[in-house]
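# Understanding the architecture of this molecule
In case you want the letters, here they are:
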Amino acid sequence: MSDRDSDIGAFLVGFVVGGLAGAAAALLLAPQSGEETRTLIRDKSIELKGQVESTAADARVKVEGAAADARAKAEKLAHDAKSRAEDLQKRGQVLLEEQKARLGKKGSETTS
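What you are looking at is a predicted structure, and each value in this text was computed from that prediction instead of being measured. All residue numbers here refer to positions counted from 1 along the written sequence of the relevant chain. With the structure being a predicted model, the display of local features is reserved for residues of pLDDT at least 70 and the display and counting of side-chain atom pairs for 80 or more, all residues being used for whole-chain, interface and lining totals. Computation of side-chain values: all heavy atoms of the structure, hydrogens and water removed.

## Notes on the overall build of the protein chain
To keep it simple, the criterion reads: The way it works is that DSSP assigns letters per residue, a run of H or I at least four long becomes a helix, a run of E at least two long becomes a strand, and they are numbered from the N terminus. Note on areas: these come from Shrake-Rupley sampling with a 1.4 Å probe, and a residue is covered only by the protein chains present in the view.
From N to C terminus, the protein chain includes two helices and zero strands. Summing over all exposed atoms, the protein chain offers an accessible surface of approximately 9,100 Å²; the carbon and sulfur share of this is 61%.

Following this line, the structure appears as structure tokens:
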């Protein structure tokens, strides 16, 4: 699960850095007035903020889903382990009773 988290984090960082680099290059190379450039910067930053929020929300949903899946698998494994332990305990109890019975028979045969 940690690989998935790091992949999502790397994607988000790459997305943000790429968006900023593209916006900076477009602003530096565009032949516009200062006012137009400031307006463009403001609009692009609002757009980029919306994209980052959307991507972060999607990533959060995926991580929460993965965590729920992991939790369910862990609970199932714990339940299976508990069942196996109970079975082994029952088998051990049966074997113990059988050994006690054998020892009881040997002891009564020796004393008779």
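## As for the pattern of salt bridges
Oppositely charged side chains are able to pair whenever their charged atoms sit close together. Just so we agree on the cut-off: Salt bridge criterion: a side-chain nitrogen from Lys or Arg within 4 Å of a carboxyl oxygen from Asp or Glu. For every residue, the accessible area obtained with a 1.4 Å probe (protein chains only) is divided by the maximum for its type, and the residue is called buried under 20%, exposed over 50%, and partly exposed between those limits.
One pass over the full model with this rule turns up three salt bridges. With a shortest N-O distance of 4.0 Å, Lys49 and Glu53 are connected by a salt bridge. Pair noted here: Lys49 and Glu53 are both in helix H2 (residues 34-111), with a separation of four residues, about one helical turn. On the accessibility criterion, Glu53 (47% relative accessible area) is partly exposed. Asp80 is the salt-bridge partner of Lys76, the closest N and O atoms lying 3.0 Å from each other.

## Some thoughts on the packing of aromatic side chains
Here the distance between the centres and the angle between the planes together describe a pair of aromatic rings. Counted only if it meets this: Ring pairs are drawn from Phe, Tyr and Trp, using the six-membered ring of Trp, whenever the two centres fall within 6.5 Å, and their geometry is named by plane angle: stacked under 30 degrees, edge-to-face over 60, tilted for the rest.
This structure, assessed with the given rule, holds one aromatic pair. Measuring from ring centre to ring centre gives 6.1 Å for Phe11 and Phe15, while their planes differ by 25°; the resulting arrangement is stacked. With Phe11 and Phe15 both in helix H1 (residues 2-29), this residue pair falls four residues apart, about one helical turn. The partly exposed category is assigned to Phe15, whose relative accessible area is 27%.

## Remarks on the side chain of Thr55
So the rule is basically this: In what follows, residue pairs with any heavy atoms lying within 4.5 Å of each other are defined as contacts.
By the secondary structure assignment, Thr55 is in helix H2. Discounting residues that sit within four places of it in the chain, Thr55 has contacts with Phe11, Leu12 and Phe15.

## Overview of the environment of Val52
One can find Val52 in helix H2. Taking the C-alpha atoms as reference points, Val52 and Val13, separated by 39 residues in sequence, lie 9.7 Å from one another.

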